[in-house]
Amino acid sequence: MSIEILNIRKSFGAFPAVNDVSLHIKTGEMVAFLGPSGSGKTTLLRIVAGLEFADSGEISFHGDNVTAKSANERKAGFVFQSYALFNHMTIFENIAFGLRVVPRSKRLSHEKIQERVISLLEAIQLPGLGNRFPSQLSGGQRQRVAFARALAVEPRVLLLDEPFGALDAKVRRELRRWLAEFHEKTHLTSLFVTHDQEEAFEVADRVVIIDKGAIQQIGTPDEIRSGSGNTFVRDFLALDI
Amino acid sequence: MASFIDFRNPPGSDRRADTAVRATAEPLWIRRILIGSVLAFFILFLFLPLTVVFQGALAKGSGVIANAFQDHDILHSIQMTLVVALIAVPANTAFGIAAAWAITRYRFMGRGLLLALIDLPLWVSPVIGGLIYVLLYGRRGYFGPWLTAHDIKIIFALPGMAMATIFVTLPFVARSLIPLMQAQGVEEEEAALTLGAGGFQILWRITLPKIRWGLFYGVILCNARAMGEFGAVSVVSAKISGRTNTMPLEIERLYNDYLFPEAFAVAAALALLALVTLVLKTLSEWENARQFEASRRVSLETTIEPLSSPLT
């Protein structure tokens, strides 16, 4: 499932958050948006998800123009920095949520839902923890549940907003490796936002450097690290030192 | 630094050191006076009147009470109070949720005005709350001629009393939800949206469970105020015993008729309703704290399982 971002513009009041960004993400690609805070990378991701709406421009998923569609019609999995788990529901119910809100005629059977949640719990290595509540899990465990919840509905694309930002360094590295391996296996088209270059270069197929709401450079990690970018990119990555 | 310490504590001056310590902990006699006067104030203005209500009700024996609660007019006033509360509380619950949702989730024209006006019923006298409805819906009011022509009676009847009560109790639910919903943010709702949930599903499955204790608190507060309202209702009620009197109005009527034990009996019943509200409110706060503490404790015991291979 490819993602087409075409001439997206978005302002908050007089502040231009995203300034005419166009980008094509190929099927199965993992692309990182890398930039300083306030650069507009999260806003761009939220526009792709349908959590914000652009002032102008177009978003398409594999030729399906979703620009006017609401987030709940886009089938784009979203993982938040702060997990955003449903604290009043068990882990099981969190993961099952997206399957349960489907209209009755299209909903999976009770047994099928049960089956899928259990297999997802095993996949994130939290088998048997379905009855716990989010507050009873560690940060890394919670973020894994958030992944499972997003994946349960079989999204067309996966969007990650600083997914490891709230975790400590060790868990961060673990989860990062896990995400890279996961993507290696499933090739689910993924976009993730980060301000951590190490993270972007390790996980992504291509890195998009964003500043002041505009793309400064697009390339593979090697291309970007070679120092071929503009002054901002070299400065931001500290390539001159 | 040394000179500063020397200034505060000159050698050989223990008195200065003493006052420095006592600056944070008042002398015993001040503490005693403070606590004593607070307790005296509480007993004089809160506890004593409450006990007198029950004492007054029981003054002529429990037979008077039993008779009072068989009296048609008194029973009718209880019914009226419950009916008015049954209209006003759900109305303000729906409005409160909608207003809190709109104020915390959207930026729109008139948002600041709405936020300020929600508190208005707390600032103005309830009598004014009743009066504005007379001016709007009374026989000489704006809509009076139209209402008379269509034979709809609002003022001096149940609709007007319910409306005046809604006015007076309007802030409670909204006020207890707005800070809560502001603190909780919208991320869980956004997550539900990306998982395909519709607006009503998000409200029912995510937002309402998240705010349920705050909502419960607001609703019982609103209910207590709705059942106890006197001023606003007295303006729009015809004050006909057995027809348009609520409990507070009936208490006044009985009192003015020198039927003191009966007046106190109804007052005691109303006070009991308030006490039940107080107990429910306290229980809801305990439950809230207990759940919070329980989830915190277990999270400390949880260990992190190692992570090896990705999804298969």
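What counts and how
Residues numbered from 1 in each chain as written. Chains lettered and ligands numbered in written order. Predicted model: local features only at pLDDT ≥ 70, side-chain atom pairs only at ≥ 80, totals over all residues. Domains from an automatic or database assignment. Contact = placed C-beta atoms within 7 Å. Pairing = 2+ DSSP bridges. Helix = DSSP H or I, 4+ residues; strand = E, 2+ residues; numbered from the N terminus. Axes fitted to C-alpha atoms, helices over the stretch in contact; angles between N-to-C directions. Buried ≥ 20, exposed ≤ 12 C-beta atoms within 10 Å, placed from the backbone. Nonpolar A, V, L, I, M, F, W, Y, C, P; charged D, E, K, R; others polar.

A few words on the domain arrangement of chain B. All names here are of chain B. You can read the domains of chain B as domain 1 (26–58) and domain 2 (72–298). Distance from the C-alpha centre of domain 1 to the C-alpha centre of domain 2: 30 Å. Each side of the interface is counted separately: domain 1 has five residues, and domain 2 has seven residues.

Moving on, we come to the sheet that holds strand β5 (residues 64–65) of chain A. All names here are of chain A. A sheet is described by the order of its strands in space; here four strands give the open sequence β2-β1-β4-β5, paired in antiparallel fashion. The sheet terminates laterally at β2 (15–25) and β5, the two strands that pair on one side only. One ladder, built from seven bridges, connects strand β1 (residues 3–12) with β2; its direction is antiparallel. Pairing of K10 across the sheet is with V18, part of β2. Against the sheet, helix α1 (residues 41–49) makes contact with β1, β2 and β4 (56–61), and its axis sits at roughly 120 degrees relative to β1, the strand it touches most.

Let us look at the pairing of strand β3 (residues 30–34) of chain A. Residues and elements named next belong to chain A. In terms of burial, β3 is a largely internal element, five of the five residues being buried. Side chains M30, A32 and L34 of β3 all project onto a buried face; the interleaved residues V31 and F33 project onto the opposite face, where all are buried too. Examined bridge by bridge, β3 and strand β8 (residues 190–194) share five bridges and lie parallel to one another. When the sheet's bridge partners are listed, F33 is paired in β8 with V193. Pairing of β3 with strand β9 (residues 206–211) involves four bridges; the strand directions are parallel.

Moving on, we come to the sheet that holds β9 of chain A. The strands that make up a sheet pair up through hydrogen bonds in the backbone, lying either parallel or antiparallel. All names here are of chain A. Spatial ordering of the open sheet is given by β6-β7-β8-β3-β9-β10, a layout of six strands whose pairing is mixed. The strands lining the two open edges of the sheet, one partner per strand, are β6 (76–79) and β10 (214–219). Neighbouring strand axes in the sheet, compared pairwise and without regard to direction, differ in orientation by 20 degrees on average. With four bridges joining them, strand β7 (residues 157–161) and β8 adopt parallel strand pairing. Its bridge partner lying in β8, L158 is registered against S190.

For the rest of this paragraph, the subject is the interface of chain B and chain A. Interfaces are often described in size by the accessible area the parts lose on coming together. Taken together, the contacts link 26 residues of chain B with 34 residues of chain A. Sorting the residues of the side of chain B that touches chain A by element identifies α12 (187–194), α13 (199–228) and α16 (260–301) of chain B as the ones contributing at least two each. Counted by class, the side of chain B that touches chain A contains 12 nonpolar, nine polar and five charged residues.

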